[in-house]
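Descriptive analysis of the structure
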Amino acid sequence: IETIMALESRITQEEIKKEPEKPIDREKTCPLLLRVFTTNSGRHHRVDEFARGNVPSSELQIYTWMDATLKELTSLVKEVYPEARKKGTHFSFAIVYPDLRGKMFKDIGSTISGRKGPDDSMTLQSQRFQIGDYLDIAITPPNRAPPLGPRMRPF
């Protein structure tokens, strides 16, 4: 029985991946409240800062839609933080979501102020963002390289 369930689950996942994003009519669709937490240290908040109902103090509330792109969200953050407007400022995005083990992080992409990049057109919807999840954005000024992530080791 377990083999059949795994097979069904795999097929469902493949079907989900093939399903194109449905366009959102922003005139007729109510926006969602996106709770965004930013740092200007180039590092994301620690996952324990979201534990037991707590959240970091750097909250930014944005009304947007599931088809919002990372570039669009970058522009909204830059409206609030003038220092993030400098060309070359790096924005690293992660979804913070609840899990049985507590809050979990999922890195979803990055943008660079004043430059085109491969993640610019990525949407919240395409990354399985759920209403109620948080967005954590690590902002790195242009004169400082973003910290090496676990996938980008110097050796």
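Residues numbered from 1 in each chain as written. Predicted model: local features only at pLDDT ≥ 70, side-chain atom pairs only at ≥ 80, totals over all residues. Heavy atoms only, no water.

**Overview of the packing of aromatic side chains**
Tallied over the full model, the rule gives four aromatic pairs. Aromatic side chains F37 and Y134 sit 5.3 Å apart centroid to centroid with 75 degrees between the ring planes, which places their arrangement in the edge-to-face category. Here Y134 lies in strand β5 (residues 134–140) and F37 lies in strand β1 (residues 32–39), a separation of 97 residues in the sequence. Using a relative accessible area of 12% as the deciding quantity, one classes Y134 as buried. (Phe/Tyr/Trp six-rings, centres within 6.5 Å; stacked < 30°, edge-to-face > 60°. Helix = DSSP H or I, 4+ residues; strand = E, 2+ residues; numbered from the N terminus. Buried < 20%, exposed > 50% of the residue type's maximum accessible area, 1.4 Å probe, protein only.)

**Here we look at the side chain of T89**
Relative to the assigned elements, T89 resides in the loop between α2 (70–80) and β3 (90–99). What T89 contacts, discounting residues up to four positions off in sequence, is E83, A84, T111, I112, S113, I139, T140, P141 and P142. (Contact = heavy atoms within 4.5 Å.)

**Looking at the pattern of salt bridges**
All told, the structure shown has six salt bridges when counted by the stated rule. Measuring nitrogen to oxygen at the nearest pair gives 3.0 Å for the salt bridge that ties D48 to R46. Here R46 falls in the exposed class, since its relative accessible area comes to 52%. When the shortest N-O distance is used, the salt bridge between D120 and K71 registers 4.0 Å. Of this pair, D120 sits in the loop between β4 (102–112) and β5 while K71 sits in helix α2, placing them 49 residues apart in sequence. Judged by relative accessible area, D120 falls into the buried class, the value being 12%. Judged by relative accessible area, which is 26%, K71 ranks as partly exposed. One connected set of salt bridges, linked through shared partners, spans R26, D67 and E72. (Salt bridge = Lys/Arg side-chain N within 4 Å of Asp/Glu carboxyl O.)

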